[in-house]
Amino acid sequence: MQYISRLDRPLLRDRALATIRQAIVSGDLVPGEAIRDLDLAERLGLSRTPVREALSHLAEEGLVESKPHSYTRVTPIDPVAVRDALQVVQAMHGLAHRLAVPLLTVDHLARMRAANTRFDAALSAGEIAGALAADDDFHRVPVEACANFAVAATIQRYTPLVRRLEYQRFSSSCGADSVAMHEEIVVACERGDGDLASRLAERNWATLAAELAKHTDEPPAPTK
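The sections below set out a description of the structure shown in this document. Quick caveat, the model's predicted, so the values are computed rather than measured. (Residues numbered from 1 in each chain as written. Predicted model: local features only at pLDDT ≥ 70, side-chain atom pairs only at ≥ 80, totals over all residues. Heavy atoms only, no water.)

Broken down by element type, the protein chain carries ten helices and two strands. Tracing the protein chain from N to C terminus, the helices and strands come up as α-α-α-β-β-α-α-α-α-α-α-α. Computed over its C-alpha atoms, the radius of gyration of the protein chain comes to 19 Å, within 12% of the 17 Å expected for a compact globule of 224 residues. Counting only C-alpha atoms and orienting by the principal axes, one finds that the protein chain spans roughly 55 × 50 × 35 Å. Within the span of the protein chain, comprising 224 residues, buried residues form 43% of the whole. (Helix = DSSP H or I, 4+ residues; strand = E, 2+ residues; numbered from the N terminus. Rg over C-alpha atoms; globule rule 2.2 N^0.38 Å. Buried < 20%, exposed > 50% of the residue type's maximum accessible area, 1.4 Å probe, protein only.)

Okay, structure coming up:
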């Protein structure tokens, strides 16, 4: 029983992390909104410890910020920080596709198409969380196939900063454009054209620049 209790705490933290992150990404917790760990713990039916651990992790992701003895709040969208993160995520996904294409199997391609089908269905149904999950599944295939730990770690580190932009894009009619873009990527992968797949993947991620432009006076960078 002692070992079971040790496993429970990380699971509770992960539950709190996933729930609070989703609330921030979806806008249920708006940028700049104050967060009290006690209130969140009561809403989630958890103790304060896993909630505090989740908030600490979200601070590392850049979604939460705090000042000791003053406040903890949802991080306002910082256009510069998000732009920098988006450029890194975009480049890493492009590299992942270039490295993965020679290694992709029929099963990999089938998984990408299945994920895109789920993505399309979720967008059509207005299920934005489901669309985000399916989009993650689609892009995860080449990232895992390329087996480059540095690429995967970098994507995992900086994706949370651009997640709110993804949610906004998939909430709009423009999100449907990604369905066709995904199919173009799969076709390039099928043809064994790593350079084209890389460019198409980067173009796909570059569409988030239009959402970022809503938070800054700077025009979005042109897509490739």
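Phi is positive for Ala147, close to 55°, though the residue is something other than glycine. Secondary-structure assignment places Ala147 in the loop between helix H6 (128–146) and helix H7 (149–170).

Turning to the side chain of His139, a few remarks are in order. Following the sequence through the fold, His139 ends up in helix H6. Take His139: its relative accessible area is 3%, and that puts it in the buried class. When residues no more than four places from it in sequence are discounted, the contact partners of His139 are His93, His97, His182, Asn204 and Trp205. (Contact = heavy atoms within 4.5 Å.)

Keep in mind that these numbers describe shape and distance, not what the molecule does.
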